[in-house]
Structure formats: structure tokens, C-alpha cells
Amino acid sequence: AAETTEAEITDKGEVTKLGQYKGIEVTKEDTTVTDAELDQRIASILQANPEITEITDRPAQNGDTVNIDYVGMKDGVAFDGGTAEGYDLELGSDAFIDGFEDGLIGANVGEERSLNLTFPEDYGNSDLAGQAVVFTVTVNEIKRTPELSDELAAKISDFDTAEEYREDVKNSLLEGKKTSQPSQKLNDLY
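Everything quoted here is computed from the prediction, not taken from an experiment.

### Considerations on the side chain of lysine 177
Turning to its location among the elements, lysine 177 is positioned in helix H3 (residues 162-189). On the accessibility criterion, lysine 177 (19% relative accessible area) is buried. Among the polar contacts made by the side chain of lysine 177, one reaches the main-chain carbonyl oxygen of threonine 32 at a distance of 2.7 Å. A polar contact of 3.0 Å, which involves the side chain of lysine 177, links it to the side chain of glutamate 37.

### As for the packing of aromatic side chains
All told, the structure shown has 11 aromatic pairs when counted by the stated rule. With a centroid separation of 6.1 Å and 80 degrees between ring planes, the pair formed by tyrosine 70 and tyrosine 87 is classed as edge-to-face. On the criterion of sequence distance, the pair formed by tyrosine 70 in strand S2 (residues 65-74) and tyrosine 87 in strand S3 (residues 77-90) is long-range, its members being 17 residues apart. Ring centres of phenylalanine 119 and tyrosine 123 lie 4.5 Å apart, and the angle between their planes is 55 degrees; this geometry places the pair in the tilted category. Residue class for phenylalanine 119 comes out buried when judged on its relative accessible area of 5%. Each member of the aromatic cluster is reached from another via a ring pair, and the members are Tyr70, Phe79, Tyr87, Phe96, Phe100, Phe119, Tyr123 and Phe135.

### A closer look at a negative patch on the surface
Judged by side-chain charge, Asp150, Asp158, Asp160, Glu163, Glu164, Glu167 and Asp168 come together as a negatively charged surface patch. Element by element, the count of residues in the negative patch is highest for H3, at 4 residues. Inspection of the secondary structure puts aspartate 150 in helix H2 (residues 150-156). Classification of aspartate 150 as partly exposed rests on a relative accessible area of 42%.

### Comments concerning helix H1 (residues 35-47)
Look at H1: 18 Å from first C-alpha to last across 13 residues, which is about the 18 Å you get at 1.5 Å a residue. Every buried residue of H1 is accounted for by Leu38, Ile42 and Leu46. The buried residues of H1 all sit within an arc of 70 degrees when viewed along its axis, so they share a single face. More than 90 degrees from the buried face of H1, the exposed residues found are Ala36 and Gln40.

### Here's the deal with the pattern of salt bridges
Across all of its chains, the model carries 7 salt bridges by this definition. Note that arginine 58 and aspartate 64 form a salt bridge whose closest N and O atoms lie 2.7 Å from each other. Note on arginine 58: relative accessible area 21%, which makes it partly exposed.

Reading guide: rules and limits
Residues numbered from 1 in each chain as written. Predicted model: local features only at pLDDT ≥ 70, side-chain atom pairs only at ≥ 80, totals over all residues. Heavy atoms only, no water. Helix = DSSP H or I, 4+ residues; strand = E, 2+ residues; numbered from the N terminus. Buried < 20%, exposed > 50% of the residue type's maximum accessible area, 1.4 Å probe, protein only. Polar contact = N/O pair within 3.5 Å; in protein donor to acceptor, adjacent residues only side chain to side chain. Phe/Tyr/Trp six-rings, centres within 6.5 Å; stacked < 30°, edge-to-face > 60°. Patch = residues over 30% accessible without salt bridge, like charges linked within 9 Å, V, L, I, M, F, W, Y side chains within 5 Å. Areas by Shrake-Rupley, 256 points an atom, 1.4 Å probe, with all protein chains shown as cover. Salt bridge = Lys/Arg side-chain N within 4 Å of Asp/Glu carboxyl O. Lys, Arg positive; Asp, Glu negative; His and termini not counted. Charge placed at Lys NZ, Arg CZ, Asp CG, Glu CD. Expected span 1.5 Å × (residues − 1). Arc of directions from axis to C-beta.

Have a look at this one:
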């Protein structure tokens, strides 16, 4: 026979009125993956890959990564944040101020170049905004990240073709976006 349990129900008072939930904006997270996002993800995977080729037989070109030492001087004095050693910079990435990367195209390993540049007027550091500076740059190494090919895809993944590998990376980006969507909705409610 089924066992029965008696429970006493007691009145705990009235239910308080709920707040107004109509009209709350919830961001519908875009779960499509653009070609640009996919290209960027694949580029970062390839950069982390040991397949990078060191270039010794030609000067630096757009798209190469140069390993550089540099010192930035304003009025003959090195300025804060303007000096680095062993810095990897992809030429054409626009990571540095106008003219810096272009000034290294054609440079050879071991070459030192002086780049006479001007910081943009809207630069974040007011001491440097609009100021003329000289960067002395030494090129230590020139490297090239390989293009994604069937051969490379087979080396770095379980896929035989670049197309299958791209599709797999796209699917993992898509999964990542779908997974983060519910938390975005929750964030919007607070």
C-alpha cells in the first residue's frame, strides 16, 4: 500500500505584488560567425603554430612579422612607453602609429632604421599627441605566418583540407557564441 504523509498547510500571508517586467530590453546575441571573425581566429591559430617560417633571403614585406628593438625619442629624449626589445610586429596590422610599419617594409635582418614620425593629434597621451618623434628601430628577425593550405590543415588538425578545417573552426566559434547567449540575456536583466 502507498504510504501517505500528512502535511499541515499554514497561511503565510498575501503574495506581494510582482514588479513590472514588460518592456525589458534583452539583447538577442548575434550567433552568426562573419568571415572576418573566422579569418581572425584562423590567423591567431596559425600565429601560435610552430609552422612560422623565418625569412632570411629577402627584406621585410607587408604581412610579415618583424621582431624588432625600438627606442622612441622626442626632442632627443626617450619617452615613456616608446621603448621595447624583441617585439613582434605584423607589418600592415596598423598596430602602431602611421608610418611606423610602412617604414620597416624593405628592411633586412640586422638593419637599423630611423623613422621620423608624428603622433596623431587625437593620440591618447596628450604629451605625445601631434608631436614629432624619431623611432630608432633594429630588425632582429623577419617571419611569415603560413597561409592555410590543405597540407597545413592536415598537419595541425584531424582534417585533410583547409575547407574542412575552416568549417570546424567556424562551428566552434558558433558554439562559443551560442553558449554565451543565455548569460548575455541574464546580464541585460540586471
